[in-house]
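Reading the structure
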Amino acid sequence: MHNQNGSQVLLVMTIVLSVLTVGFGGFSVWAYLNYQEQKNNVDGIVAESVVLAQEQQKATDEAGFVEREKLPTRQFVGPADLGQVTFDFPKTWSLYIEADGSAGTGYNAYFHPGAVSNPTRQQPYALRVVILNSTYENSLAAFQQGVQDGTLKASAITVNGQVGTRFDGKLGQSNGSLVLLKSRDKSIEIFTESDAFLGDFNNIILPSLKFNP
């Protein structure tokens, strides 16, 4: 009787041990598969982060290269009889003078990175310099409608000790910024036709701008 009870206990223990062994084995497999899935997810996230960081670093390096390529700057010097406008501009920009003022029709110059395409094409240029045979007051009036309808924002600006007006917003077919200045009986317009060049306009062009009032 004692041996029979002992055998039963042993049998039960064997069954329990077997169940535990199978259960532990199943748990181990589940845990391993779960670990592999988590590891793959983490590896994927890490790989994606590395690629993103590399792309961001590449973009930063390229932007830094573009900025370094602009230096040292070049100097623009306009006609002496038209206010002798001078300022610095990136050396990667090209200059095209469409009208030099000699014909009495005013002065019109275009600046843009690389080669300046045909000015008759409708494209926003990095910089324009226009000297008009028009008084400052008459030129100022031409922008009043834009200020009134909200497409332009006007603010006072001091350049070379002289007070002028700056306009930010819609200029023709694109957004940009324009500075209007008075030079005797003429008016000077210096402007960028694209917000993409606003940094150069604010940080290079305007700080170095001089003219004869």
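This section reports on the structure supplied with the text. On a predicted model such as this, the values are computed, not experimentally measured, just so you know. (Residues numbered from 1 in each chain as written. Predicted model: local features only at pLDDT ≥ 70, side-chain atom pairs only at ≥ 80, totals over all residues. Heavy atoms only, no water.)

Points about the overall build of the chain
Regarding its fold elements, the chain presents four helices and nine strands. Counting from the amino terminus, helix and strand elements in the chain follow one another as α-β-β-β-β-β-α-α-β-β-β-β-α. Restricting to contacts in the chain with at least 6 residues of sequence separation, those with at least 24 account for 41%. Working note: accessible area of the chain is about 13,200 Å², and carbon and sulfur atoms make up 58% of it. (Helix = DSSP H or I, 4+ residues; strand = E, 2+ residues; numbered from the N terminus. Contact = heavy atoms within 4.5 Å. Areas by Shrake-Rupley, 256 points an atom, 1.4 Å probe, with all protein chains shown as cover.)

Some thoughts on a nonpolar patch on the surface
A surface patch of nonpolar side chains, amounting to about 450 Å² of accessible area, comprises Val29, Tyr32, Leu33 and Tyr35. Residue position: Leu33 is located in helix H1 (residues 2-69). (Patch = residues over 30% accessible without salt bridge, like charges linked within 9 Å, V, L, I, M, F, W, Y side chains within 5 Å. Salt bridge = Lys/Arg side-chain N within 4 Å of Asp/Glu carboxyl O.)

Quick word on the nonpolar core
Ranked by size, the top nonpolar core spans 26 residues in total, and within it Val85, Phe87, Phe111, Ile190 and Ile205 carry the most contacts. Elements represented by at least two residues in this core include exactly strand S2 (86-89), strand S4 (107-113), strand S5 (127-132), strand S6 (152-159), strand S8 (174-183), strand S9 (186-192) and helix H4 (198-208). Among the elements that make up this core, the one with the highest residue count is H4 (four residues). For Ile190, the residues in contact, after removing those within four places along its chain, are Val85, Leu127, Arg128, Val129, Ser177, Leu178, Val179, Phe201, Ile205 and Leu209. (Core = buried A, V, L, I, M, F, W, Y, C linked by side-chain atoms within 4.5 Å. Buried < 20%, exposed > 50% of the residue type's maximum accessible area, 1.4 Å probe, protein only.)

A word on the environment of Gly78
With respect to the element layout, Gly78 can be found in the loop between strand S1 (74-77) and S2. Separated by 29 residues in sequence, Gly78 and Tyr107 place their C-alpha atoms 9.0 Å apart.

A word on the packing of aromatic side chains
As enumerated under the stated definition, the model contains 10 aromatic pairs in all. An angle of 70 degrees between the planes, with centres 6.5 Å apart, marks the rings of Phe87 and Phe89 as edge-to-face. Overall, the relative accessible area of 2% leaves Phe89 in the buried class. Following the ring pairs from residue to residue traces out a cluster consisting of Phe76, Phe87, Phe89, Tyr107 and Phe111. (Phe/Tyr/Trp six-rings, centres within 6.5 Å; stacked < 30°, edge-to-face > 60°.)

None of the figures reported here should be taken as evidence of function without further support.
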